[in-house]
Amino acid sequence: MSRAMRVLILALRTQLATYRRRFWEPLLIVVAIFIASAGLTAVTLINAGASSQLKQFVLGDVPVNFQVVPRSENNPITRSDYAELRRQGHNALVAYTQTGDRLAVDTVTLFNLLPETNRDTSQQNSFAQQAALNGIEDINQFYRGDVTLQTHPLSGLLVVGELSPEHYKLLEESLPAHLHIEPFALTSSANNLSDSFSLNLWAMGALMVLVSVFIVFNAFNLLLAARTPVLVKLRQLGVSQTILLRVLQLEMFTLALVGAIGGVFAGASLVSAITPVLSNIYRFLLDGQFSSGQFSMPRLMLLAVVFCAIAVVIMGLLIRQRLAHSLARRSYLVAAFKRRFKPVYNVWLLLSLVLVTLGAWLVASQLQALLYIGLVLIAGCTTVVVLMPQLMSLVARRISTTKPLLHWSMHNAVSLSQRTRLAACAFFIALAANIGMNVMVDSFRQATEQWLEQRLFAPFYLYTDFEGDLSAEEGAPVPLLARYGKNVRVNGQTLELRSFPDGAEYQQYLMLDDQSPSAWSAFHAQRGVFINQQLAYRQQLNTGDAVSLPLNAGLQVFEIVGVYPDYGNPKAQVLLPEALLSGEYALISAYAAFASSSDQAALESWLNEQSESARLIPRGSLIEQSMMVFSRTFLTTDTLNLVTMLVAALSFFVSITLLVMDIKPQLLLLRSVGVSPLRIKLSLFAQYCFIAVSCALLALPFALLLAWLLVNKVNRFAFHWTYPLILDPMIIMQSLLIGLGLLLLLMALPLGRLQARFYSQQEAL
């Protein structure tokens, strides 16, 4: 055995020997990494499962992940193609066609594919009715009258149920040359709340990654600080700095690997255990299914190992110079770090704040908005690192020495804050993101509710697939106001043309972001139109510009006289006077029914005679249902937000717990001079509160800036619409109290054992 190897083994055995007396430090570091890994694994699996269900279509209780579609629109799927594939044994294929928002499916074949427990022949009619309530028509009812396979070809063949690799290959080989198989994604223009939901989910996943990185590096930094005295002694005995660095990296990697692998198992087991609950929640909330099989365990384990290796390598590069500096001065790394890099931090803080101030005016794309959010978080972390100890010092200096315990508590809190900067950064990021997202979602909720309250002006609204115009039918007990619609193509983009009532009494019901002085007179004179934010942002249009629209009379030019919000609509839309569309509409999206409660029964009776599919919904119920869907949509993001906050709070807790171990001699000294255990506990808790509140106060302005960015930049460039930022003090205070409450609750847990430690230490003395 070579001399270098013997020295390495000696250094390793020395490090392991320290575990006998200081076992809690490496154990708590393993716990910190375990928590980060478990949280990151759980969030990743939940994000993947939730996002997959948003893109997944469910028929009955069976998911649809693939479809068979034509390679070219000129050679569509035929009825004979459908029949031939089923004759070959591919019974999981179900024909469907989709036109606009109408989806027609072969419900008879689908019913036969349901599980045996759900496939009762006597329930076939009720299944068809349930499908109709979910917006799914029977394909035989769809192809009636002028609607034929020639005018409306089949859109594709759904592959119902799970598809194994063997069945996938067999189906692929059985397809004729003009057909191919691809993933299925249902397209709908109803709203894009699911897009916002998915964006928030993956934003929370990215946030968890960032918080986890801070946790890992904070744990390594504390380990390095704890190992410095032993490393100094080994260096004095002649062990080279290179070997010491390798020993330290090996210890870091081992501890990180144990914590990361354990966290992966714990996170995956947790998600697996609650999958039935998540499935029920998603089925109830979003009419979807939660899928937990998006990541395999070997893949998760490999990612954990790679992540640990990269973290250790980067940490080794960062601490090489710091290790040499500490060994030369025989001082703790935290102090050296403070003295050497404080000027650099001050310069970086000033530079980052200047960039944050100027950057808001330069953001012009979604990518730039996301990068700018990263810059804001970096500037915030720098502010915490530099300003939090300084602000705490200003407060501590004002504490009179005539109150010695309070004076010591405040100054010791400043010392702890200087040694928990990375943990404070993790907590800062989680808290700022929590407040920012809560403010964003609450603003969206309030803006949507106000928008619906103003836009829905009739007591009842009628939805039906009636092919004619019910407002023109005779015998209606109350007036019906139709909203005529037509989809056209302008510059390669689908444009929704919708009618707006001509009467002056309806002007108050259209919420406008911007309008010209003579907007309504030009609109009623059929010279002007209103456009939604989606069209304005996509094509950089403003009030006063011109837009050309293809109507029956040919291409007509209109002046844009106003821009209105259209929350949740992914398509560009134009509002035209009712007279321009009433004679050439392609669809009627809804009817406004001006009925009182006493007229409701008569109206429903008349509607049943005209159309079996007619649904009459009161205005209040429509608003309530819309807001319920909104609340349910963002339920998961709120939960993940709390998970991220909890992980960051646990990181802070572990850091403080490790550092409190180093001040045990001071605590024993306080106890020896007569300070009661209760007062010592209160002193420590006051220090925790001091650090937590200081961090929270610094996080608040960055949280509000983050909310503004999410609303006015990210949402605009991602979905082409915005809404007003509403700062509700109760929402902000609630987010602050939840974050601080979680942190202080965790920090209060170990205080109960201090009295036993005091007595044991005194007996040992």
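Remember, predicted model here, so these are calculated numbers, not experimental data.

Analysis parameters
Residues numbered from 1 in each chain as written. Predicted model: local features only at pLDDT ≥ 70, side-chain atom pairs only at ≥ 80, totals over all residues. Heavy atoms only, no water. Pairing = 2+ DSSP bridges. Helix = DSSP H or I, 4+ residues; strand = E, 2+ residues; numbered from the N terminus. pLDDT = per-residue confidence, 0-100. Contact = heavy atoms within 4.5 Å. Salt bridge = Lys/Arg side-chain N within 4 Å of Asp/Glu carboxyl O. Expected span 1.5 Å × (residues − 1). Buried < 20%, exposed > 50% of the residue type's maximum accessible area, 1.4 Å probe, protein only. Disulfide = S-S within 2.5 Å. Axes fitted to C-alpha atoms, helices over the stretch in contact; angles between N-to-C directions. Parallel < 35°, antiparallel > 145°, perpendicular 65-115°, else oblique. Left-handed = near helix turned anticlockwise from the far one by under 90°. Nonpolar A, V, L, I, M, F, W, Y, C, P; charged D, E, K, R; others polar. Arc of directions from axis to C-beta.

Chemist: Quick one: what's the story with the pairing of strand β14 (residues 554–564), residue by residue and with numbers?
Modeler: Pairing of strand β11 (residues 514–515) with β14, which is carried by two bridges, proceeds in the antiparallel orientation. Directly across from Gln515, in β14, lies its bridge partner Gly562. Looking at chain direction, strand β12 (residues 528–532) and β14 are connected through five bridges and run parallel. Bridge assignment links Phe530 to a residue of β14, and that residue is Gly562. The pairing of strand β13 (residues 546–551) with β14 spans six bridges and is antiparallel.

Chemist: Account for the confidence of the model for the protein chain, naming residues and giving values.
Modeler: Parts of the model with low pLDDT should not have their predicted coordinates read in detail. Averaged over the protein chain, the pLDDT score is 77; the fraction of residues at 70 or greater is 76%. Here residues 117–124 is a poorly scored stretch, pLDDT under 50, and it has 12 contacts once near neighbours within four places are set aside; other chains count. Below pLDDT 50 for its whole length, residues 330–341 participates in 25 contacts with residues either more than four positions away or in separate chains.

Chemist: So, the pattern of salt bridges: which residues are in play, and what are the values?
Modeler: Under the counting rule described, the total for this entry stands at six salt bridges. A salt bridge links Glu84 to Arg87; the nearest nitrogen and oxygen atoms lie 2.8 Å apart. Highlighted residues: Glu84 and Arg87, both in helix α3 (residues 79–87), separated by three residues, approximately one helical turn.

Chemist: Describe helix α14 (residues 421–455), and please don't skip the residues or the numbers.
Modeler: Across its 35 residues, α14 extends 50 Å between first and last C-alpha, which sits within 8% of the 51 Å expected from 1.5 Å per residue. Extensive coverage of α14 is indicated by the burial of 29 of its 35 residues.

Chemist: Which residues make up the state of the cysteines, and what values do they have?
Modeler: Counted by the stated rule, this structure contains zero disulfides. Its sulfur unpaired, Cys381 is 4.1 Å from the next cysteine sulfur, which belongs to Cys425. Overall, the relative accessible area of 8% leaves Cys381 in the buried class. Here Cys695 is not disulfide-linked; the sulfur of Cys425 is the nearest cysteine sulfur, at 7.7 Å. Overall, Cys695 belongs to the buried group, its relative accessible area being 0%.

Chemist: Could you give an account of the packing of helix α13 (residues 404–418) against helix α22 (residues 677–719), naming the residues involved and the relevant values?
Modeler: Taken N-terminus to C-terminus, the directions of α13 and α22 make an angle of 45°; their axes are 9 Å apart at the nearest point. Here α13 lies oblique to α22, going by the angle between them. Crossing of α13 against α22: the hand is right-handed. Taking contact as the criterion, the partners of Leu405, Trp408, Ser409, Met410, Asn412, Ala413, Leu416 and Ser417 in α13 are, on α22, Arg679, Ser683, Ala686, Gln687, Phe690 and Ile691. In the contact of α13 with α22, the residues fall into eight nonpolar, five polar and one charged.

Chemist: Break down helix α1 (residues 3–17) for me, with residues and values.
Modeler: The first and last C-alpha atoms of α1 sit 21 Å apart over 15 residues, in line with the 21 Å expected at 1.5 Å per residue. For α1, every residue scored as buried is listed here: Val7, Ala11 and Gln15. Buried residues in α1, looked at end-on, bunch into an arc of 75°, giving them a common side. More than 90 degrees from the buried face of α1, the exposed residues found are Arg13 and Leu16.

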